[in-house]
2 protein chains.
Amino acid sequence: MTAVTTVAGLDALAPTDRSAEGRERARSDRSGWSPDGLPDAVVRPDSVDQVQQVVRWAAAHRVPLVPRGAGTGLTGGAAAAPGQVVLDLSGLDAIESLDPGARTAVVQPGVILADLDRAAAAHGLRYVPDPGSVAIASIGGTIATNAGGLRCARHGGTREAVAGLDVVLADGSLLRTGTSGARSVTGYDLTSLFVGSEGTLGVVVRATVRLQPLPVATATVTALFPDVATAAHAVATVLAAGPVPPTLELLDHATLAAVDPALADRGGAFLLVQTEGAPALAEATALAGLLRGTALEVDVTDDPVRAERLLATRRDALPAVQRHGRVLIEDVSVPPAALAEAITGIEAIADRTGVRVFTFAHAGAGVIHPLVLTDDGEITPRVRETVDAIVALALRLGGTLTGEHGIGALKRHWLPDELDPVARTTLHRIKAALDPAGVLNPGKAI
Amino acid sequence: MTAVTTVAGLDALAPTDRSAEGRERARSDRSGWSPDGLPDAVVRPDSVDQVQQVVRWAAAHRVPLVPRGAGTGLTGGAAAAPGQVVLDLSGLDAIESLDPGARTAVVQPGVILADLDRAAAAHGLRYVPDPGSVAIASIGGTIATNAGGLRCARHGGTREAVAGLDVVLADGSLLRTGTSGARSVTGYDLTSLFVGSEGTLGVVVRATVRLQPLPVATATVTALFPDVATAAHAVATVLAAGPVPPTLELLDHATLAAVDPALADRGGAFLLVQTEGAPALAEATALAGLLRGTALEVDVTDDPVRAERLLATRRDALPAVQRHGRVLIEDVSVPPAALAEAITGIEAIADRTGVRVFTFAHAGAGVIHPLVLTDDGEITPRVRETVDAIVALALRLGGTLTGEHGIGALKRHWLPDELDPVARTTLHRIKAALDPAGVLNPGKAI
């Protein structure tokens with residue numbers, strides 16, 4: 001435990017909450033996982049200057065800091081333990097500027113994605129990265145994890161949307177990376193290094209993000225298949241036919257039953273495809289033609305209200321499944337061409353272990369979310385065997401153990417399965433170079 | 001100078017050229033700049049294993065290595081000095097595999113971009129990054145510089161096309177970054193760190209690159225304007241009208257006169273816009289309508305042969321200008337919305353200093369190439385004043401001193417104008433963490 005006098009020193013620098021309730025609220029994320037005990041304090045700076053002072057204080061006193069955004073992470077990346085202080089950035093939630101001509105916005109890390117997207121929409125623009133958690137996730141957290149989402153196969157993820165960052169380094173200095181929107185190859189790509197670094201290399205306190213024009217039209221195809229294997233093969237057909245559609249989402253039967261039992265009675269897997277731009281309807285109609293070969297039902301609409309309602313089905317997937325019990329939320333990723341093999345392989349694993357797995361996927365990007373039902377929160381040997389086999393399968397197919405949620409605390413034990421000693425050593429060299437005292441989010445990400 | 005015995009040790013590891021002609025050929029790049037004197041040797045490995053052995057040898061003997069691809073760089077990034085050994089990777093030039101289903105290729109660094117693109121085209125695919133030097137540049141060099149090109153505003157540059165790398169680190173170990181095509185957020189983004197690091201952090205010996213389907217159709221708009229300011233404002237109109245077109249190239253009058261005197265007689269600036277996909281012709285026709293407001297002549301074609309001929313005009317720009325004398329090749333970059341201000345500002349600078357400047361631009365990306373004519377190769381105070389003012393203007397507009405060529409040796413003196421001490425220290429910390437002895441391309445990039 002940090003000494004009381006030290007915590008008092010923190011109090012003078014920024015608003016600090018030492019109540020049991022406050023610390024309880026900030027000890028975990030949406031994975032539900034946290035270490036035993038509570039962090040020592042929750043500090044919630046009002047300004048970049050306060051963040052710098054807090055980091056300097058932590059460096060001087062060797063107190064580990066756990067940066068925290070909206071707490072919607074799924075890997076325990078923001079989980080905090082006794083002896084640690086939570087650095088809560090949710091108070092820095094201003095959209096500082098939005099330049100419709102330059103198509104950029106300067107935002108603080110606590111801004112909720114949906115709020116940024118709404119502000120952009122007022123100017124005919126959008127913030128492209130679109131994770132399932134768009135309504136509740138903060139941009140700082142999605143920068144920390146390099147979040148993907150429903151549109152990332154065509155438009156890229158968070159990294160591609162970030163032009164530059166202001167980052168408080170482990171010594172309290174303020175680093176500016178990237179540009180205000182210009183393409184730049186000056187120096188190493190520090191922006192890309194900090195995006196996805198899960199708060200272990202620096203604390204993001206401001207971001208310049210790129211906005212894109214809203215599409216002039218969208219169209220949506222939904223298709224119901226007899227089973228998930230057939231749906232996954234239909235995805236392969238779509239991907240082989242041309243450029244990847246902006247949105248291509250797959251739900252297996254278990255997930256479909258959780259979100260829409262009536263639909264699940266009529267078929268075994270659901271596919272949602274979205275196209276954009278002037279030819280959206282023509283493209284959607286052509287894709288629908290491809291899907292009709294194997295689908296039970298196919299529907300095409302260019303009504304944006306109806307499309308949003310259909311998308312809501314997909315966005316509901318995680319909370320709907322979570323109503324069935326505590327799940328391990330995986331996000332393995334495979335090359336999109338290997339999606340069908342991965343999906344059918346996950347089904348076979350679940351059949352073998354007898355553990356219930358709900359699977360949905362950003363199919364165009366090859367990012368798969370198998371939600372593995374625990375035994376009332378307990379990770380039994382069968383549950384462990386199931387997730388281990390799923391990760392091994394993804395790696396065998398040329399994939400990765402995390403496609404968009406990050407490593408956090410919960411996936412670190414798998415790192416040696418994906419990264420060899422040279423890669424792991426390289427990550428730790430970079431960490432040591434930028435945070436030699438190991439103050440920033442220790443025990444996470446690498 | 002390295003002792004002869006040391007160079008002899010090198011001979012045993014990989015084919016080594018110590019002839020004056022061989023060292024003369026490998027001492028510079030297309031910037032024409034090199035330090036006085038010749039490097040000690042040119043080593044040209046035949047295999048990844050040989051690269052590792054050479055790097056281990058260099059580390060043990062503290063001999064600086066200068067990695068070299070096709071030698072088409074424009075910033076002296078591959079320039080080598082006495083006491084240094086050139087690590088020539090042009091012999092590693094195999095396309096090891098190309099998977100049309102996965103839309104990826106595994107290539108060695110010496111592969112010429114146009115050869116990769118041709119191999120992809122046989123499967124209806126393309127390698128998207130398209131620098132002006134596509135016919136002569138190697139993929140290793142374009143990875144080292146994170147090269148942009150004619151399509152980068154819409155489709156991204158080299159970084160976005162690279163899924164993973166094999167890199168020989170400064171201690172000779174082999175690092176694998178990224179994936180074989182899957183989206184991944186495992187660990188820090190080492191791929192993005194090495195892309196653009198100009199051979200200072202490691203030696204890229206293999207890359208997995210993403211390929212994209214060839215567009216089903218393209219259309220090309222060319223427009224002639226009375227002057228470059230009018231053309232630059234037309235670019236702003238195009239950018240404000242919707243998504244950035246895949247190609248949007250601007251040539252000023254001096255450049256136009258160098259590549260096509262007859263065309264230059266009819267107008268003062270030239271714009272080339274290309275659109276892609278099923279609605280390409282409709283989109284091009286709409287853009288042509290926008291341009292007709294201020295253009296002298298506007299032409300639209302969907303004939304790919306004619307489009308390629310028109311594009312050749314643009315690709316000819318650099319060699320055509322170079323026939324007028326030795327030029328300093330700049331590649332400042334600004335937010336695309338600031339392009340008109342930058343272009344007219346560069347014109348004003350040239351008027352003021354009386355130095356001839358040829359300007360063309362990847363206008364959609366905001367990347368501008370002012371070619372500043374030297375006095376027979378001599379950089380007079382007026383020439384120096386001109387380039388300094390151009391860089392200062394770009395930085396003032398929120399831009400950067402290099403949009404796609406890299407820092408190399410020639411732009412390092414401007415780094416403090418763009419990067420503050422915190423940023424420069426951060427770059428050097430990363431360099432020191434990965435190459436503590438400073439063996440890899442010292443004196444470049446940072």
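What counts and how
- Residues numbered from 1 in each chain as written.
- Chains lettered and ligands numbered in written order.
- Predicted model: local features only at pLDDT ≥ 70, side-chain atom pairs only at ≥ 80, totals over all residues.
- Heavy atoms only, no water.
- Helix = DSSP H or I, 4+ residues; strand = E, 2+ residues; numbered from the N terminus.
- Rg over C-alpha atoms; globule rule 2.2 N^0.38 Å.
- Buried < 20%, exposed > 50% of the residue type's maximum accessible area, 1.4 Å probe, protein only.
- Contact = heavy atoms within 4.5 Å.
- Lys, Arg positive; Asp, Glu negative; His and termini not counted.
- Charge placed at Lys NZ, Arg CZ, Asp CG, Glu CD.
- UniProt positions renumbered as here; feature names shortened; annotations may be inferred.
- pLDDT = per-residue confidence, 0-100.
- Pairing = 2+ DSSP bridges.
- Axes fitted to C-alpha atoms, helices over the stretch in contact; angles between N-to-C directions.
- Buried area = accessible area lost by both parts, 1.4 Å probe.
- Salt bridge = Lys/Arg side-chain N within 4 Å of Asp/Glu carboxyl O.
- Least-squares fit on C-alpha atoms with pLDDT ≥ 70 in both.

(A) Broad picture of the overall build of chain A. Across its full length, chain A carries 18 helices and 18 strands. Computed over C-alpha atoms, the radius of gyration of chain A comes to 22 Å, within 12% of the 22 Å expected from 2.2 N^0.38 for 446 residues, which places it in the range of a compact globule. Its C-alpha atoms give chain A principal-axis dimensions of about 70 × 55 × 40 Å. By residue count, 62% of the 446 residues in chain A fall in the buried class. Of all intrachain contacts in chain A linking residues separated by at least 6 positions in sequence, the fraction that spans at least 24 positions is 71%. If you average the places of the 38 positive and of the 49 negative side-chain charges in chain A, the two averages end up 3 Å apart.

(B) Main features of the UniProt feature "domain: FAD-binding PCMH-type" (unreviewed entry) in chain A. UniProt records the feature "domain: FAD-binding PCMH-type" (unreviewed entry) for residues 35-214 of chain A in the present numbering. Counting secondary structure, residues 35-214 of chain A comes out at 24% helix and 24% strand; the distance between its end C-alpha atoms is 43 Å.

(C) Geometry of the confidence of the model for chain A. Residues and elements named next belong to chain A. When pLDDT is averaged along chain A, the result is 95; 98% of the residues meet or exceed 70. In the model, residues 1-5 has pLDDT below 50 throughout and makes 5 contacts with residues more than four positions away in sequence or in other chains. The complex prediction reports pTM at 0.97, with the ipTM value standing at 0.96.

(D) Molecular detail of the sheet that holds strand β12 (residues 218-225) of chain A. Residues and elements named next belong to chain A. Strand order across the open sheet formed by 7 strands is β15-β12-β14-β13-β17-β18-β16, with antiparallel pairing between neighbours. Because the sheet does not close on itself, it has two edges, and the strands there are β15 (297-301) and β16 (327-329). This sheet shows a mean twist of 15° between the axes of neighbouring strands, independent of strand direction. The pairing of β12 with strand β14 (residues 269-276) spans 8 bridges and is antiparallel. Bridged to Thr218 within β14 is Glu276. Across the face of the sheet, helix α12 (residues 280-292) comes into contact with β12, β14 and β15 while running at roughly 10° to β12. Along the sheet face, helix α13 (residues 304-315) touches β12, β13 (247-252), β14, β15, β17 (357-362) and β18 (367-373) and points at about 135° away from the line of β14.

(E) The side chain of Thr208 of chain B, seen in detail. Residues and elements named next belong to chain B. Counting through the fold element by element, Thr208 comes out in strand β10 (residues 203-210). Residue classification places Thr208 among the buried positions, given a relative accessible area of 13%. Discounting chain neighbours no more than four positions away, the residues touching Thr208 are Thr104, Ala105, Val106, Ala161, Val162, Ala163, Gly164, Thr179 and Ser180.

(F) Structural view of the interface of chain A and chain B. Opposite the 74 residues of chain A that make contact, chain B presents 74 residues. Carbon and sulfur atoms make up 61% of the area that chain A and chain B hide from each other, which totals about 5,000 Å². For chain A, the biggest contributors to the area lost against chain B are Arg183, Val185 and Tyr188 of chain A; these three give 19% of the whole. Taken together, the links from chain A to chain B amount to 4 salt bridges.

(G) Spatial organisation of the pairing of β18 of chain A. All names here are of chain A. For β18, the buried fraction is high: 7 of the 7 residues fall into the buried class. Neither face of β18 is left uncovered, since the one carrying Val367, His369, Leu371 and Leu373 and the one carrying Ile368, Pro370 and Val372 both have all their residues buried. Summarising the sheet, β16 and β18 pair through 3 bridges and their orientation is antiparallel. Across the sheet, residue Val327 finds its bridge partner in β18, namely Leu373. Linkage of β17 to β18, two consecutive antiparallel strands, is achieved through a turn of 4 residues, within which Gly366 is found at a positive phi near 75°.

(H) A look at the pairing of strand β10 (residues 203-210) of chain A. Residues and elements named next belong to chain A. With 7 of 8 residues buried, β10 lies mostly within the body of the structure. Where strand β6 (residues 104-107) lies against β10, 4 bridges are found, and the strand directions are antiparallel. By the bridge assignment for β10, Ala105 is matched with Val209. Both strand β8 (residues 162-168) and β10 contribute to a ladder of 6 bridges, which runs antiparallel. Residue pairing in the sheet places Val162 in a bridge with Val209 of β10.

(I) Fine view of the relation of the copies chain A and chain B. Screw-axis analysis of chain A against chain B gives a translation of 0.0 Å along the axis, an RMSD of 0.0 Å, and a rotation angle of 180°. In short, the pair behaves as if placed about a two-fold rotation axis. Most of the interface of chain A is mirrored in chain B: 100% of its interface residues are interface residues there too.

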